[in-house]
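Take a look at the letters that make up each chain.
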Amino acid sequence: MGYLSKEEWELVMFHTTAAGRRLACDLVEGKGPAVVFLHGFRSDRKGTKVAALADWCRAEGRAMLAFDLSGHGDSDGAVEDFGISDWIEDASDIIDALAPGQHLLVGSSLGGWLSFLLARARPDRVAGLVTIAAAPDFTRRMEAGFSDAERADLADKGFVTRPSDYEGGDYVFSRRLFDQGARNLVFDEPLTLPMSVRMLQGTADVDVPMSEALRLLDHATGPDIRLTLVRDADHRFSAPPQLALMLSAVAGIVGLEA
């Protein structure tokens, strides 16, 4: 599988994991460590953050990998058929295949949770970590706020629904997601991050409260961990100044590695 040029970026490529799941992906050719983007829940690799990163990587001659987790975007399956363990398996498999060696993880929301798990599991592979509105353990936070009716739905139907502020209708959260989330918690174990870490968080984020970012900063240990709070930024974190801040964080870590 080769790398996409700018003109070919919109062409869909696929990687089949060892578990037999087919993941859609895009690659930019360049030097390492490669930038690897992990998207949010019910998002995909075609958002504005990925586009901004791809443009920056091309300009810098930096390798980049972006992919859709199982059930998302152009990858096979439905979101509710998968959970955190499945998506960690997806990420580990495709990174090992297409971005071998060290890489710089950029994780948005759910992708931030996955990035912390990857960095904890194999810190020698992660050259740096940038998170945007990271949402580790969001399934536990959701369960803590369930109504009796929602608990009954999860037990009897195997899922709960929540209205979405974004396109695509209500969100469906499956029992598989909650069961696997409980087995992959970030806050239940030490989080040692020996690499440079930049966490970006909006103060107007209603999906991931600012308090969670502060809690995460207090929980993680490492020599170079910084949290930047951006006044009035929401969960999308996609306005031009916010994208510029993301790129500055990535560039700063790349500069440290040079």
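We now turn to the structure provided with this report. All values derive from a computational prediction rather than experimental measurement.

A closer look at the overall build of the chain
Then comes step 1: Per the secondary structure count, the chain includes eight helices and twelve strands.
Then comes step 2: Against the compact-globule benchmark of 18 Å for 258 residues, the chain has a radius of gyration of 17 Å, which places it among compact chains.
Then comes step 3: Out of the 258 residues belonging to the chain, those deemed buried represent 53%.
Then comes step 4: A separation of at least 24 residues holds for 72% of the contacts in the chain among residues at least 6 apart in sequence.
Then comes step 5: Accessible surface computed for the chain: about 11,200 Å², of which carbon and sulfur atoms make up 49%.

Let's talk about the packing of helix α2 (residues 84–98) against helix α6 (residues 175–182)
Then comes step 1: Viewed as axis vectors pointing N to C, α2 and α6 meet at an angle of 70 degrees, and their least axial separation amounts to 7 Å. What the angle tells us is that α2 and α6 run roughly perpendicular. Judged by residue contacts, I84, S85, D86 and W87 of α2 engage R176, L177, Q180 and G181 from α6.
Then comes step 2: Here the residues of the contact of α2 with α6 are counted per class, giving three nonpolar, three polar and two charged.

Digging into the sheet that holds strand β2 (residues 22–28)
Then comes step 1: Spatially, the eight strands line up as an open sheet ordered β1-β2-β4-β3-β5-β6-β10-β12, and their pairing is mixed. At either end of the open sheet lies a strand with only one pairing partner, and these are β1 (13–16) and β12 (225–230). Direction aside, the axes of adjacent strands within the sheet are offset by 20 degrees on average.
Then comes step 2: Against the sheet, helix α1 (residues 48–60) makes contact with β2, β3 (31–38), β4 (62–67), β5 (103–108) and β6 (126–132), and its axis sits at roughly 160 degrees relative to β4, the strand it touches most.
Then comes step 3: With respect to the sheet, helix α3 (residues 110–121) is in contact with β3, β5, β6 and β10 (196–202), its orientation differing from that of β5 by roughly 145 degrees.

Thoughts on the pattern of salt bridges
Then comes step 1: Applying the stated criterion across every chain yields a total of 19 salt bridges.
Then comes step 2: For R176, the salt bridge is made with D86, and the minimal N-O distance between the two is 2.8 Å. Taken together, the positions of R176 in helix α6 and D86 in helix α2 put the pair 90 residues apart, joining distant regions of the chain.
Then comes step 3: For R176, a relative accessible area of 40% translates into the label partly exposed.
Then comes step 4: The buried category is assigned to D86, whose relative accessible area is 7%.
Then comes step 5: Between R140 and D188 there is a salt bridge, with its nearest N and O atoms 2.9 Å apart. Placement of the pair is R140 in helix α4 (residues 138–144) and D188 in the loop between α6 and β9 (191–192), with a sequence separation of 48 residues.
Then comes step 6: Look at R140 and you get partly exposed, because its relative accessible area is 43%.
Then comes step 7: One continuous salt-bridge network, built from bridges that share partners, spans D26, R45, K46, D68 and D74.

Digging into the nonpolar core
Then comes step 1: The biggest cluster of nonpolar side chains holds 56 residues, and the ones touching the most others in it are L65 and W87.
Then comes step 2: Judged by nonpolar contacts, the second largest core, of 26 residues, contains I132, L243, L247 and A249.

Observations concerning the packing of aromatic side chains
Then comes step 1: Applying the stated criterion to the full structure yields seven aromatic pairs.
Then comes step 2: Between F146 and F178, the aromatic rings sit 5.4 Å apart at their centres with planes inclined by 75 degrees, giving edge-to-face as the arrangement. Placement of the pair is F146 in the loop between α4 and α5 (148–156) and F178 in helix α6, with a sequence separation of 32 residues. Residues F146 and F178 agree in their burial class; the two are buried.
Then comes step 3: Following the ring pairs from residue to residue traces out a cluster consisting of F41, W87, W113, F138, Y171 and F173.
Then comes step 4: Residue placement shows R22 over the ring face of F14; its charged tip is 3.8 Å from the ring centre.

Analysis parameters
- Residues numbered from 1 in each chain as written.
- Predicted model: local features only at pLDDT ≥ 70, side-chain atom pairs only at ≥ 80, totals over all residues.
- Heavy atoms only, no water.
- Helix = DSSP H or I, 4+ residues; strand = E, 2+ residues; numbered from the N terminus.
- Rg over C-alpha atoms; globule rule 2.2 N^0.38 Å.
- Buried < 20%, exposed > 50% of the residue type's maximum accessible area, 1.4 Å probe, protein only.
- Contact = heavy atoms within 4.5 Å.
- Areas by Shrake-Rupley, 256 points an atom, 1.4 Å probe, with all protein chains shown as cover.
- Axes fitted to C-alpha atoms, helices over the stretch in contact; angles between N-to-C directions.
- Parallel < 35°, antiparallel > 145°, perpendicular 65-115°, else oblique.
- Nonpolar A, V, L, I, M, F, W, Y, C, P; charged D, E, K, R; others polar.
- Pairing = 2+ DSSP bridges.
- Salt bridge = Lys/Arg side-chain N within 4 Å of Asp/Glu carboxyl O.
- Core = buried A, V, L, I, M, F, W, Y, C linked by side-chain atoms within 4.5 Å.
- Phe/Tyr/Trp six-rings, centres within 6.5 Å; stacked < 30°, edge-to-face > 60°.
- Lys NZ or Arg CZ within 6 Å of the ring centre and 35° of its normal.

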